[in-house]
Amino acid sequence: MIRSFVLAASAIALFAAAPAGAAEIRIKTAGKAPAELRAEIVKAASSVCWQNVRGESLATYLYPACVRASVNDAVSKLNNPELVAYNAATPVVYSR
């Protein structure tokens, strides 16, 4: 029982540590407010992460971690202080 829990926790940590990388969605950023841009990033991350984890036995646990990591990774790459602040103050809402 303990071994199974440790293996499950390890698998979750493995997938949670890395944002989605198998697929990619491009988003146009020009002229968008932080709230609008973040909403599009979350939508894209949700789509990519669901493609990556569906069919996995731990998908219920992997999906939210994947979305969070992917959103945070995308926001940090944009290097927009307003978006970073908005992202830090707004929780991710999962749509799956």
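Every chain begins its residue count from 1, and numbering advances along the sequence as written. Under the rules for a predicted model, residues below a pLDDT of 70 receive no local features and side-chain atom pairs below 80 are neither given nor counted, while totals for whole chains, interfaces and linings still include all residues. Heavy atoms throughout the structure, all of them, feed into the side-chain values; hydrogens and water do not.

1. Topic: the environment of isoleucine 41
Secondary structure elements follow DSSP: runs of H or I of four or more residues count as helices, runs of E of two or more count as strands, with numbering from the N terminus. Within the secondary structure layout, isoleucine 41 lies in helix 2 (residues 34-53). Spatially, the C-alpha atoms of isoleucine 41 and isoleucine 27 are 7.4 Å apart, while their sequence positions differ by 14 residues. Excluding anything up to four places from it in sequence, isoleucine 41 contacts Ile27, Val71, Ala74, Val75, Leu78 and Leu83. Whether two residues are in contact is decided by their heavy atoms, any of which lying within 4.5 Å being enough.

2. A look at unusual backbone geometry
One non-glycine residue, asparagine 79, adopts positive backbone phi at about 55°. Examined against the element boundaries, asparagine 79 turns out to sit in the loop between helix 3 (59-78) and helix 4 (81-89). For asparagine 79, a relative accessible area of 66% puts it in the exposed group. Burial status follows relative accessibility: with a 1.4 Å probe on protein chains alone, a residue under 20% of its type maximum counts as buried, one over 50% as exposed, and anything between as partly exposed.

3. Things to note about the side chain of arginine 38
Position of arginine 38 relative to the elements: it lies in helix 2. For the purpose of counting charges, residues Lys and Arg are taken to be positive, whereas Asp and Glu are taken to be negative. His and the chain ends are not included. Definition used for salt bridges: Asp or Glu carboxyl oxygen within 4 Å of a side-chain nitrogen of Lys or Arg. One buried charge, arginine 38, has no salt-bridge partner; the nearest side chain with opposite charge is glutamate 40, at 13 Å. For arginine 38, the residues in contact, after removing those within four places along its chain, are Val71, Leu83, Tyr86, Asn87, Thr90, Pro91 and Val92.

4. Here's the deal with the confidence of the model for the chain
Within a predicted model, pLDDT stands for the predictor's per-residue confidence, ranging from 0 to 100. Mean pLDDT over the chain works out to 78, with 73% of the residues at or above the 70 mark. At the level of individual helices and strands, the chain shows its lowest average pLDDT in helix 1 (residues 2-17), which scores 44, and its highest in helix 2, which scores 91. In the predicted structure, residues 1-17 sits below a pLDDT of 50 and forms nine contacts with residues beyond four places in sequence or in another chain.

5. Brief notes about the state of the cysteines
Cysteine sulfur atoms are paired as a disulfide whenever they fall within 2.5 Å. Throughout the structure, instances matching the rule amount to one disulfide. Disulfide partner of cysteine 49: cysteine 66, at an S-S distance of 2.1 Å. Classification of the bridge connecting cysteine 49 and cysteine 66 rests on its S-S torsion, roughly -80°, and on that basis the disulfide is left-handed. Note that cysteine 49 is positioned in helix 2 and cysteine 66 in helix 3, a separation of 17 residues in sequence. Across this residue pair, the class does not change: cysteine 49 and cysteine 66 are buried.

6. Observations regarding the pattern of salt bridges
If you walk through the whole model with that rule in mind, you get three salt bridges. Residue lysine 32 is joined to glutamate 40 by a salt bridge in which the shortest nitrogen-to-oxygen separation is 2.9 Å. With a relative accessible area of 23%, lysine 32 lands in the partly exposed category. For the salt bridge of lysine 77 with aspartate 73, the shortest nitrogen-to-oxygen distance reads 3.3 Å. Residue lysine 77 and its partner aspartate 73 are both found in helix 3; the two are separated by four residues, about one turn of the helix. On the accessibility criterion, lysine 77 (64% relative accessible area) is exposed.

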